[in-house]
Amino acid sequence: MTQREVNGISTEVVCTEFSNYIFVVLTQYGKIGTLISVTPDSRSNDLSTPTFSTKVLLGKDEPLTHVCAKNLAMFVSQESGNRPVLLGLALKDSSIDAIKQIKEMIKSCQVW
């Protein structure tokens, strides 16, 4: 687990590796929040820029949720050999700056 202040908000990141998924929890509320599955699209023709599908499993299904999930989980999937990512998202601040800082936090707790 990694904990850091992001724009003045206490933020926690937990990364866990399972045989079929990488599980990443990003929270500024101390709970899992919305659960999103981010999977590489096997039908993508261009392997250098794979496409990803997002599906909200639990919680609010809003367009911004999908954008944040793809942005945060894409590099995790690519770094782990295109494995699917299960993402728990509970953010007070989802600004571009906050997302960049949270990405760095994810990189620091790599388990793959």
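- The name given to the chain in an unreviewed UniProt entry is Proteasome (prosome, macropain) assembly chaperone 3, with the source organism recorded as Oreochromis niloticus.

1. Focus on the overall build of the chain
Line of reasoning, step 1. Looking only at helices and strands, the chain features two helices and six strands.
Line of reasoning, step 2. The order of helices and strands in the chain, counted from the N terminus, is β-β-β-β-β-α-β-α.
Line of reasoning, step 3. Here the C-alpha radius of gyration of the chain, 13 Å, is about what a compact globule of 112 residues would show, namely 13 Å.
Line of reasoning, step 4. Over its C-alpha atoms, taken along the principal directions, the chain stretches across nearly 40 × 30 × 25 Å.
Line of reasoning, step 5. Taken over 112 residues, the chain has a buried fraction of 44%.
Line of reasoning, step 6. Of the contacts formed within the chain by residues at least 6 apart in sequence, a portion of 61% connects residues at least 24 apart.
Line of reasoning, step 7. With the model as given, the accessible surface of the chain reaches about 6200 Å², and the carbon-plus-sulfur share is 52%.
Line of reasoning, step 8. Charged side chains of the chain number 11 positive and 11 negative; the gap between the two group centres comes to 3 Å.

2. Quick notes on the side chain of Ser 77
Line of reasoning, step 1. Tracing the sequence through the fold places Ser 77 in helix α1 (residues 63-79).
Line of reasoning, step 2. Among residues more than four places away in sequence, those in contact with Ser 77 are Pro 40, Phe 52, Asn 82, Arg 83 and Val 85.

3. Brief notes about unusual backbone geometry
Line of reasoning, step 1. The phi torsion at Asn 7 lies on the positive side, around 50 degrees, for a residue other than glycine.
Line of reasoning, step 2. Considering the arrangement of structural elements, one finds Asn 7 in the loop between β1 (2-6) and β2 (9-17).
Line of reasoning, step 3. Owing to a relative accessible area of 39%, Asn 7 belongs among the partly exposed residues under this scheme.
Line of reasoning, step 4. Even without a glycine there, the phi angle at Asn 82 is positive, about 60 degrees.
Line of reasoning, step 5. Topologically, Asn 82 is positioned in the loop between α1 and β6 (85-90).
Line of reasoning, step 6. Since its relative accessible area comes to 38%, Asn 82 is described here as partly exposed.

4. Structural notes on the nonpolar core
Line of reasoning, step 1. If you look at the biggest cluster of nonpolar residues, it comprises 26 residues, and the most contacted ones within it are Val 13, Val 24, Leu 26, Leu 72, Leu 87, Leu 89 and Ile 106.
Line of reasoning, step 2. Among the secondary structure elements, those contributing two or more residues to this core are β2, β3 (22-27), β4 (34-40), β5 (52-58), α1, β6 and α2 (96-108).
Line of reasoning, step 3. When residues of this core are assigned to their parent elements, the largest contribution, six residues, is made by α1.
Line of reasoning, step 4. Residues in contact with Leu 72, not counting those within four places in the same chain, are Leu 26, Leu 87, Leu 89, Ile 99, Ile 102, Lys 103 and Ile 106.

Calculation rules
Residues numbered from 1 in each chain as written. Predicted model: local features only at pLDDT ≥ 70, side-chain atom pairs only at ≥ 80, totals over all residues. Heavy atoms only, no water. Helix = DSSP H or I, 4+ residues; strand = E, 2+ residues; numbered from the N terminus. Rg over C-alpha atoms; globule rule 2.2 N^0.38 Å. Buried < 20%, exposed > 50% of the residue type's maximum accessible area, 1.4 Å probe, protein only. Contact = heavy atoms within 4.5 Å. Areas by Shrake-Rupley, 256 points an atom, 1.4 Å probe, with all protein chains shown as cover. Lys, Arg positive; Asp, Glu negative; His and termini not counted. Charge placed at Lys NZ, Arg CZ, Asp CG, Glu CD. Core = buried A, V, L, I, M, F, W, Y, C linked by side-chain atoms within 4.5 Å.

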